Amino acid sequence: MGPIRGLKRKKKADKDVDHYTLLRSPLSQPCPSDWWDDFSKRISGTSVKKGNSVTFESLFKLSRKTFNYICSLVKEEMMAKPTNLTDLSGKFLSLDDRVAVALRRLSSGDSLSSVGESLGINQSTVSQITWRFVEAMEHRGLHHIHWPSNQEDMKNIKSKFENIQGLPNCCGAIDTTHIMFCLSTDVPSSKIWSDLEKNHSMLLQAIVDPDMRFLDVVAGWPGSLSDSEVLKSSRIFTLTEEGKRLSGNKIKLSDDTELREYIVGDSGFPLLPWLLTPYVGRGLSDYEADYNKRHFAMRKVAQRALARLKDKWKIIQGVMWRPDKHKLPRIILVCCLLHNIVIDLNDGVDDKVPLTHHHDPDYGQQVGDSTDKSSSIQREKLALYLANKLQS
C-alpha cells in the first residue's frame, strides 16, 4: 500500500452533509453519567469522584463534547456486525465502550495487552475495536483535513500568518516527522526503513495553518528518504506544479515585484517558487538574518503541531514493536484527523498544556541540495521588502 494522503474526497452525497449538525443530534448528547462511572471503575477500581486524579479529560485528553461527536461519526461502522464484542465478564460493549477503548489505545500508546488488562478486555478484542475505529474514522472523518476551498478561507490563513512575523501571502508551514518502530535486521526491507539516525521509521509530512490545524498530510514513506524526496513524491507537489494549489492572488512588494502564494519550510526542503526556505551558511547580512528569524517563527507552527500530535496520540510517539507497515499510515492519518477535530470543536482541554516544537528531538537538521534561481531572487526580494518595511 502506498502512502495515505489526507486529501481524499468522499462521495458527493457525503460532501453535501453538514457533519457539524451531528453536534446537535441525540447521539451527541452527553454520555450517561453511569456509563463513565462504570467505565472509570475499570481503570481505577473505584468510581471517579471529584478530586480523583483519573478524570475523563485526563484519560482521553479531550472533552466529553468531543468524545460524543466522535461517537456520532463512527457509530454506524463501530456497531456493525459482528456486534457480540464483550469484556472478560461477558458484558456487551456499547458504542461508548468501544470508542473509549480505541481512544485509550491511540492516546496512551500502551500495548494491546496493557490496554486490555486495564479495561478487563481481551487484547484481541482491543485490536479488533481499534482497527474498526480507524476504518470508521477514515470513512467518516476525512472532511476534517482539507485544503481551503475558497479565497476567503485562504485570506484568513494568510492574515493570521502575517500577524505572526509579518511575512505576507503565506498559506502554510510544512514539516516532516519520524514515526519510529522496531524492525528485525533479518527483514529484507529493513535498510529501506533505516533513517540517517539508524532508526527504523516512517515519515509523516504535514502542512499546517496558523492554528496548528493540518491542511494536508501524507504518511507512509520510509525513513530513508529525505524531506525533499518525500515532498516531490507527494500530491501537494504535483498539484502545485500543475497550478492547482497555491495559485491564488499575488501581492505587490514593489512596482516591479509580485509575490505569489507560498508555504514555508526548513532547509531540508528545496527552495521553490512556492516553498520558501531560510538562508543557510555563515556571514549572513542583517536583512537575511532578520528574514531567517521571521521565517523560523512561521514554520515553528508546524513543529508545534507535530509535537502536540505525538504528545496527544502517543501510539505514534514512542518506538512501535514491528507494526503492520500497511496499517501504520492509516493509523497516523486517523491521529491527524483526531488532532484536527479537537481544534475544529474548540476543545479547550489542551489550552493549559505548554507548547513545544521538539517533535523529533533525536534528529539533526537536513539540508537540501536543490536551489532554483528564480526562487532565490523571490526570497531575496521578500527579505529586502521586510527589511525596508521595518525601517520605514
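Taking an unreviewed UniProt entry as the reference, the protein chain is identified by name as Nuclease HARBI1 belonging to Nicotiana sylvestris. The UniProt entry for the protein chain carries the following comment under Cofactor (unreviewed entry): "a divalent metal cation".

Chemist: Looking at this structure, how should I read the overall build of the protein chain?
Modeler: Along its length, the protein chain carries 14 helices and nine strands. Taking all 392 residues of the protein chain together, 53% fall into the buried category. The contacts of the protein chain with a sequence gap of at least 6 include a subset with a gap of at least 24, amounting to 71%. Total accessible area on the protein chain is roughly 18300 Å²; 50% of this is exposed by carbon and sulfur atoms.

Chemist: Is there a simple way to think about unusual backbone geometry in this case?
Modeler: The general pattern is negative phi for most residues beyond glycine and trans for most peptide bonds. Positive phi is not limited to glycine here, since Lys61 has a value of about 60°. Taking the relative accessible area as the measure of exposure, Lys61 reaches 23% and is therefore partly exposed. Backbone geometry places Met212, a non-glycine residue, at a positive phi of 65°. Turning to its location among the elements, Met212 is positioned in the loop between strand 3 (200–208) and strand 4 (214–222).

Chemist: Just to check I follow, could you spell out helix 8 (residues 151–165) for this structure?
Modeler: Residues that lie three or four places apart on an α-helix share one face, since the helix turns once every 3.6 residues. With 15 residues, helix 8 should reach 21 Å at 1.5 Å per residue; the first-to-last C-alpha distance of 22 Å fits that figure. Considered for burial, the residues of helix 8 that qualify are Met154, Ile157, Lys158 and Phe161. End-on, the buried residues of helix 8 take up no more than an arc of 100°, which puts them together on one face. Exposed side of helix 8, more than 90 degrees from the buried face: Glu152, Lys155 and Asn163 are the residues found there. In this fold, the buried residues of helix 8 make contact with strand 2 (170–182), strand 3, strand 4 and helix 12 (286–312). Taking the backbone nitrogen of Glu152 as reference, a side-chain oxygen 3.1 Å away marks Asn150 as the first, capping residue of helix 8. Looking one or two residues beyond helix 8, the residue adopting positive phi is Gly166, at roughly 85°.

Chemist: Sorry, what's going on with the packing of aromatic side chains here?
Modeler: The relation between two aromatic rings is expressed through the spacing of the ring centres and the mutual angle of the planes. What the rule picks out here adds up to 13 aromatic pairs. Ring geometry for Tyr279 and Tyr291: centres 5.4 Å apart, planes at 75°, overall edge-to-face. Residue Tyr279 is located in the loop between strand 8 (275–276) and helix 12, and its partner Tyr291 is located in helix 12; the two are separated by twelve residues in the primary sequence. By relative accessible area, which is 0% here, Tyr291 ends up buried. Grouped by ring-pair contacts, the aromatic residues Trp35, Trp36, Phe39, Phe56, Phe60 and Phe67 constitute a single cluster. The lysine or arginine in question, Arg379, covers the ring of Tyr279, its NZ or CZ lying 4.2 Å from the ring centre.

Calculation criteria
Residues numbered from 1 in each chain as written. Predicted model: local features only at pLDDT ≥ 70, side-chain atom pairs only at ≥ 80, totals over all residues. Heavy atoms only, no water. UniProt positions renumbered as here; feature names shortened; annotations may be inferred. Helix = DSSP H or I, 4+ residues; strand = E, 2+ residues; numbered from the N terminus. Buried < 20%, exposed > 50% of the residue type's maximum accessible area, 1.4 Å probe, protein only. Contact = heavy atoms within 4.5 Å. Areas by Shrake-Rupley, 256 points an atom, 1.4 Å probe, with all protein chains shown as cover. Expected span 1.5 Å × (residues − 1). Arc of directions from axis to C-beta. Polar contact = N/O pair within 3.5 Å; in protein donor to acceptor, adjacent residues only side chain to side chain. Phe/Tyr/Trp six-rings, centres within 6.5 Å; stacked < 30°, edge-to-face > 60°. Lys NZ or Arg CZ within 6 Å of the ring centre and 35° of its normal.

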